Each structure stands twice: as structure tokens, then as C-alpha cells.
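Commentary on secondary and tertiary structure
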Amino acid sequence: MGIALAAGEQRGDFNMRPTSRLRPGGNTFLIGTLLFCFLLVSAIPGIAAHSGLPGSNFESEDGNLAVNGAAPHLDWNNVAQVGGNDLASGSGDDSLKGAEQDAVPGITDGSIPPSKSDLKSFGIFTEADSPGFLHMFWARVQDPSGTTNMDFEFNQRRCVAGDTSGCSSNGKTPIRQAGDVLITYNLSSGGSNVSLWLHRWVTSGTNVCEDSQEGGAPNSGSAVPSAGCWNVGVELTGSGDATGSINTVAITAAQSEIGALDARTFGEASVDLGAIFGNTCFAIGSVYLKSRSSDTFTSALKDFITPRSVSISNCGSIKVAKKDDAGANLAGAKFRLYRDDGDGIAELGTQDVQIKADGTTGSFECETTSNGTGNCEWSNLTFGDYWLHETFTPPGHTPPTTNPILVEVDSTTQVVVDVTNPRVPATLKIKKADDLGNPLAGAVFTLFRDFAPLGPGTPRGNEDTITSFSCTTAANGICTITNIVPAGAFWVVETTTPPGYTTAAERHIVLTLGQNADITAQPFVNPRQHKIIVLVCHQGTNTLAASDVTIDGTQKTSLANGATLPDGVSEAELCGLGGAAYPGIDNHPTKSATIAVGSDGH
């Protein structure tokens, strides 16, 4: 159970060295580096273990502020905490009146003499990594006679400088809400054993209000007042979830950055925040310290230090960022979220329960929108592991390599999960034929990407750019263009035409990702090219008129009467041709023949 203390919160008004750092991505008061060092140092003989809760690096049982051990040991002199100093003792020092069970404590000035629970300063610090720990200290002006009772109140709302939205009617303490927390620090007269108790503010129920010493019997048959009350306390010390200490010897100014302290004027405590929050998502907005006149819970309140702003929470959130392999946002993917039961094995819907968008248990499936996120966010998630399962992949894309994905939530910083669906390329199968329907090899087809104004109503223009997608027809006249990504609107253009044929008209096509388009049923047709020969014959004799035959501008031969043509075709046969079609005449792609006609006298 990790608890996060958000960045940017007030650090207090006394000088303490801020040595903790922010986790990359926003986790606050990171001691991850220190934890890493601890793993190394703890394995080295001769390095002393710290005195505190198991799993914590904080020295919370030595009753001082100094760091007594090697890294990664922590104590008040090397951490940045939230807290502050009390007003100077005397007539200007404000204090509380009434008791803890008063919904709104009264405020008065100058009623705390230096001899009775006059506070000096306080601070809190959270170890934010899992497990999470809350550390608290108090300091008072001098050691009075009698019992020591300090109460740390943690409220969801705030009544602090810059945020008075949650102030109660006294103008100095927050309005209490159900779930607010009170941790009491009790130390009997002359003793050194700290007793820590946990209370929660409740607004309903019967027989639940604390009305005596911590651990006393609840009210018999009484209901909670309409304004609420602190419930019967639960002892934290002795359970392994909390520990505390007090200084039994003086602390010199050299040993403390809050000044010299007499014996029994400094106390500290640590609590495993899992014992406070458990699996319930919760957020604290402010904290303040107050003193109480005796160990009876209903005894009079005394001094207090005004609230300080904090953000302590065991609540995190998850957001999906859905993209394709080119990094473009992708809409239409669907996801479900499941809380892992602690074994790290995906047992979706059985051992691992599904979570709704608000963090409660229940059925919920989100769908990403055009920005790649949409409503795919889950909030109020207690710290722990979750399974993110993609239940539907948009057409034309492949599912993520890992599905489901194990996601760790260990801070209040939102966990953004980048989930990639690679695009599935399109293909285009083409066929080439001549004007008789015969397959034609050697034709090269290339795709041009169509840009506005889009076809097919508008012809291909200079704005339509050539791509690298192409293929060459085989002997069967077929070829396939592959790996077409991104898909979209294209012009299919014959960029190389086989010799002796006329180039086919280009064609417009729209392809979608993953589409295997086949347009072979409508082949691209290359008409055969033909030579046109003009012959001049004498009427009546069916003989060629004497003429010069020029091919491609060069005079080749002179035909005269009685000439014999190639392939055994006689002059008479050639001149006797009628208007029928003769398919056996050879084709030629570029050459033509013209005959210079002579006079009828030849």
C-alpha cells in the first residue's frame, strides 16, 4: 500500500533540508533511489539497521531528528516535510477551546501558558513508495507535568492560506467530513511508551462515538449527532502498524534544525498508511496539530498550530493512450480494467474483479475516441496492480503484443498506458490485358496518392504525388502491390507500358487498412498499336504506281510495276485487297510508312 504526497504542497515555515525528490512522472517525495541504496547497503555487514517500522527507512524510534545510520536511513534532518511553527507563546498565541467531539472547535487567544501543552512546531513526511508510511513529529516549548497528549487531525477539506473553501465557522479549521482521520499520540505521566490511536469522523450510526479514554466503551444506545463525531478509537501501536518515541535527553541546536529541545519536548510517530486507508480510496487535503489536557478523550483541547495544506492519498488513476505504429491517435479500441488479486496472474472476471470508471467494482467497457483516449480513464484506484485488457481492436489494426497488460498504480500521478495497434497494410491485385483479352506482361503500375481536389470526379493533378508502391505484371498479366500503408485514396497509374501497346487509362481507388483489394475482374487494357500503309495502285491493271517508300523519314526503296512484296505477296494480290480486316499484318509500336504517290502516267 503506497501513499503519495503531492508536489507543490506547503513545506512549512521552518528551515529543514529538502533532500527528497520527485519521482519522474510526478510521484512525490520519492525515496526510490534511497530504497535502491538500502537494498545494497543492507547486504553489507556492519551497516546498522534503522529503528522504525519494518519496510520503512525512517528512524522513528530514536526520539531525535538526526540521521543515525548510513544511507538510506531517513530522519527529520534529511527529509522535506509539511508542517510549521506555532505562534509565539503569550497573548498573541491562539488556542482551542472545547473538546474533540465538538464539530467546530472554538478559538481563543492567549489562554495557553508556557507550562501547559504549549506547542512549538510540527511536521509530517510520507514515504511514498509501497508500502507507504506516514511520519509525524511534534515539539513543545517545555516539558509540563502530567500526561502528554497530541492529536494530529487529517481533513479532506482545506482551510489554509490561499484555499479557504473548506473553512468551518471558526475560520481557522476545516469543515469535517465523514472519513476524516484523527491520530492521537498519548504518553502517560513519567512514561516513555507511546500509545497511538486511530479515530474516524462519522456522520451516522449508533453506539459509535468515543466518549472516554481511547478504548473506552461506546455510548450506550446513543446515535451519532447530526454534525458527526469521532468514533471509538482503534489502537495502532502493538499491531506492528505504528510506532513512536519521545526524546528522553536534551537535543542540542547542532542536532536539530528546529532549535535546541529539552528532554521530553519532542515526540515522533510512524504509521503504516495501509492500516489507515486499507483498500478504500481516500484523499487528505490538510493537517494540523493540537494538544489535549489529559488522556481522557473528552478532555479540554489546548494549543494548536493552524492547518497546513497536503495531498496525501492512496488513490491513483489510469488512462489509455491508444495509437497506431506511426504514433497517430486511434479511435474505436475498447478496453476493460481488472484489479489483480495479488498473484500477478491474469484471471479476468474470476479472481481479478472488473473495475468501473469511478474505481468501484462492476462492469465497464470504454472505447477510445479520435484523440486516442476518449472515456478510457479509471479514477479512485487504490494503489496496486491492475490488468488492462483490450477487448476490441479497430479494423485494419493488429492487437497489442501484450494483452492484457499489467499496470502498477503506486502514486497519485495518473498512469498513462500507451497501447499500440500496428496498422495492417493494404494490398491491390491488378490485371493487364491487350484489346483481345490476352494477358500482357511487363506493365508497371504505380500508386499516386490523391490529394484534394479528390477524384474520381477530378482528374489526377500535380498535387497528387507518386509513391513507392508499385508492381510489374507477370506472364499471366497479374501483379500485386503490397505493404500499402497508410491506406487512403490513390490513382493507379501505368507508369511503364509494354512496347507495341497504348497505355491504359489511370484509375481511381480508395483502399482501407487491411484490405486485400482485387480488381482483376476489370483488367487494365492496352490496345495494340498498328501500322497504316497507303498504297497507290493503277486502276484496271491492279499494279502499283511507281512511288518512293519512306520509313521514318528515310527513303528505303522504290516500288515499281511488277515489284514483289515480302512474304510472297504479289503486287496484284496486294492491290486487290478489299475492305475486310486482315489480322495477320505485323504490328510495330513506333514505325510508320508513307508512299509518295506518282502520276497516273507511270
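Overview of the structure. (Residues numbered from 1 in each chain as written. Predicted model: local features only at pLDDT ≥ 70, side-chain atom pairs only at ≥ 80, totals over all residues. Heavy atoms only, no water.)

Some thoughts on the overall build of the protein chain
Definition in use: Counting from the N terminus, the helices are DSSP H or I runs at least four residues long and the strands are E runs at least two residues long. Here the term buried applies to any residue with accessible area under 20% of the maximum for its type, exposed to any over 50%, and partly exposed to those in between, with areas from a 1.4 Å probe on protein chains only. By the convention used here, residues are in contact when the closest approach between their heavy atoms is within 4.5 Å. A 1.4 Å probe and the Shrake-Rupley method give the accessible areas. Residues count as covered only by the protein chains that appear here.
Counting its regular elements, the protein chain contains 3 helices and 36 strands. Per-residue burial over the protein chain gives 45% buried out of 602 residues. By sequence separation, contacts in the protein chain at least 24 residues apart represent 66% of the contacts at least 6 residues apart. Per element, the accessible surface of the protein chain, about 26,500 Å² overall, is 53% carbon and sulfur.

Let's talk about empty space enclosed by the protein
How we decide: Cavity and pocket criteria rest on a 1 Å grid covering protein atoms alone: a 1.4 Å probe that fits but cannot get out defines a cavity, protein on both sides within 12 Å along at least 5 of 7 lines defines an open pocket, and an atom within 4 Å of a point defines a lining residue. Grid points are joined across faces, edges and corners, and a volume is the space filled by probe spheres set on the points. Under this grouping Gly is polar, as are all residues other than the nonpolar Ala, Val, Leu, Ile, Met, Phe, Trp, Tyr, Cys and Pro and the charged Asp, Glu, Lys and Arg.
For the structure shown, the criterion picks out 1 cavity of 30 Å³ or more. Computed from the structure, the largest cavity encloses a volume of approximately 50 Å³. Lining the largest cavity, in full, are Leu134, Phe154, Val181, Ile183, Leu273, Ile276, Phe277, Ile284 and Ile312. Going through the elements one at a time, β8 (181-187) and α2 (273-277) are the ones with two or more residues in the lining of the largest cavity. At 3 residues, α2 tops the list of elements feeding residues into the lining of the largest cavity. Residues that form the lining of the largest cavity fall into these classes: 9 nonpolar, no polar and no charged.

Here we look at the state of the cysteines
Basically, it comes down to this: In this description, a disulfide is simply a cysteine sulfur pair whose atoms lie within 2.5 Å.
Applying the stated criterion across every chain yields a total of 5 disulfides. Here Cys281 engages in a disulfide with Cys315; their sulfurs sit 1.9 Å apart. Here Cys315 lies in strand β16 (residues 315-324) and Cys281 lies in the loop between α2 and β14 (283-292), a separation of 34 residues in the sequence. By relative accessible area, which is 22% here, Cys281 ends up partly exposed. The side chain of Cys366 participates in a disulfide bridge whose partner is Cys376; the two sulfur atoms lie 2.0 Å from each other. Disulfide Cys366-Cys376: torsion about the S-S bond near 100°, hence right-handed. Remark: Cys376 occurs in the loop between β19 (366-367) and β20 (377-382) and Cys366 occurs in strand β19; sequence separation between them is 10 residues. Using a relative accessible area of 1% as the deciding quantity, one classes Cys366 as buried.

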